[in-house]
Amino acid sequence: MVMGISKQAQVAVLVKPVYFAHTQWLGTLATSPLGGSAPRELLENVADADWSPDGNELAVIDHDHNKWRVQYPIGKVLLEGDNWLSDERVSPDGQQIALFRHPPNVDDRGDVIVLDRSGKLRVLSAGWESLEGLAWAPSGKDVWFSAADSGEQYCIRAVTLAGKQRTVHCGTAPTRIHDISATGSALVSTEENRVAMALVEHGATGKPGEERDLSWLDNAYGPRLSRDGSELLFTDQSGQAGHDYAV
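Residues numbered from 1 in each chain as written. Predicted model: local features only at pLDDT ≥ 70, side-chain atom pairs only at ≥ 80, totals over all residues. Heavy atoms only, no water.

Caption draft 1: Representation of the overall build of the protein in the model. A tally of helices and strands in the protein yields zero helices and 21 strands. Projected onto its principal axes, the C-alpha coordinates of the protein cover approximately 65 × 45 × 30 Å. For the protein, restricting intrachain contacts to residue pairs at least 6 apart in sequence, the fraction spanning at least 24 positions comes to 31%. Per element, the accessible surface of the protein, about 13100 Å² overall, is 50% carbon and sulfur. Distance from the positive charge centre (22 side chains) to the negative charge centre (34 side chains) of the protein: 6 Å. (Helix = DSSP H or I, 4+ residues; strand = E, 2+ residues; numbered from the N terminus. Contact = heavy atoms within 4.5 Å. Areas by Shrake-Rupley, 256 points an atom, 1.4 Å probe, with all protein chains shown as cover. Lys, Arg positive; Asp, Glu negative; His and termini not counted. Charge placed at Lys NZ, Arg CZ, Asp CG, Glu CD.)

Caption draft 2: Structural context of the sheet that holds strand β2 (residues 10-21). Across the sheet, seven strands lie side by side as β1-β2-β3-β4-β5-β6-β7; this open sheet has antiparallel pairing. Looking at strand neighbours, the two that pair on one side only are β1 (2-5) and β7 (77-81), the edges of this open sheet. Shown here is a sheet whose adjacent strand axes are inclined to one another by a mean of 35 degrees, direction ignored. Bridge count between strand β3 (residues 24-33) and strand β4 (residues 40-51): four bridges; the pairing is antiparallel. Following the sheet pairing, G27 is matched in β4 by V46. (Pairing = 2+ DSSP bridges. Axes fitted to C-alpha atoms, helices over the stretch in contact; angles between N-to-C directions.)

Caption draft 3: Spotlight on the pairing of strand β20 (residues 220-225). Bridge analysis of β20 against strand β21 (residues 232-236) gives four bridges, and the strand direction is antiparallel. In the strand pairing of β21, A220 is matched with D236. If you look at the hairpin formed by β20 and β21, you'll find six residues sitting between the two strands, and G229 has a positive phi there, around 75 degrees.

Caption draft 4: Quick peek at the state of the cysteines. Taken as a whole and assessed by the stated rule, the structure comprises one disulfide. Residue C155 pairs covalently with C170 via a disulfide, S to S 1.9 Å. Of this pair, C155 sits in strand β14 (residues 155-160) while C170 sits in the loop between β15 (165-169) and β16 (175-180), and the two are 15 residues apart along the sequence. (Disulfide = S-S within 2.5 Å.)

Caption draft 5: The arrangement of the nonpolar core in detail. Judged by nonpolar contacts, the single largest core of 16 residues is most densely connected at I61, W68, V70, L85, I97 and L99. Elements that contribute at least two residues to this core include exactly β5 (58-64), β6 (67-71), β7, β8 (85-90), β9 (96-101) and β10 (110-116). With sequence-adjacent residues up to four places away left out, I61 is seen in contact with N45, V46, A47, D48, W68, R69, V70, L85, S86, D87, E88 and L99. With 13 residues, the next largest nonpolar core counts A98, V143, F145 and A147 among its residues. (Core = buried A, V, L, I, M, F, W, Y, C linked by side-chain atoms within 4.5 Å. Buried < 20%, exposed > 50% of the residue type's maximum accessible area, 1.4 Å probe, protein only.)

Caption draft 6: Summary view of the environment of A196. Within the element layout of this structure, A196 appears in the loop between β17 (186-190) and β18 (198-202). Here the alpha-carbon distance between A196 and S215, two residues 19 residues apart in the chain, equals 5.3 Å.

Caption draft 7: Summary view of unusual backbone geometry. Of the consecutive residues Y72 and P73, the connecting peptide bond is found in the cis state with omega at -10 degrees. Topologically, P73 is positioned in the loop between β6 and β7. The phi torsion at N45 lies on the positive side, around 60 degrees, for a residue other than glycine. By secondary structure assignment, the location of N45 is in strand β4. Residue classification places N45 among the partly exposed positions, given a relative accessible area of 38%.

On their own, these measurements won't tell you what the molecule is for.
This is how it looks when you write it as structure tokens:
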């Protein structure tokens, strides 16, 4: 999995990746020349990595001994704790890192935070239902990120380093920011997930019978049948379910 390409034509990749949650994987960070030799392994249990603007250093998020850490450069820990960290990006001047801080589980709600090279932390935007995708504006004065007030209806937002926030784009489909070029062109994707829920009863022969659709809204999660099989308990994670999901 490609993490980034430096100005020195070095590629940072995750080898032996294992799925963690949402769009996140954990693996061994390695580097190699672009189109060159086999990757050189650097660090295990890495979730995110980003190059410094000059291509000489890597910022990483790793999960070591059940703690989430930010290192920049590798070997210098700027932040360590129980909260899941993701989507780190180094600022255009190489002096700060923007990233997401989530709860200490696999829930992708959380805050947009910034770290400087001394480890000083500032919260730029807090309390989002879901966060997926982050990038620095070329000026280094804004952080763009995709966030949802409820469900997974992501809109692209921007926040200044002083915490002033605005909406950049909010379409009919969830929109995720991936990167912004030096000229200001944004790379985005639109995504829409729908989850159905169904009941399949076994017939007298033990073979599966007819499937019955029991979908409620469009993102059911964790269904549990009552002991007598007459009732179903589940969580819905869609935007229609409102903030904090619905049971």
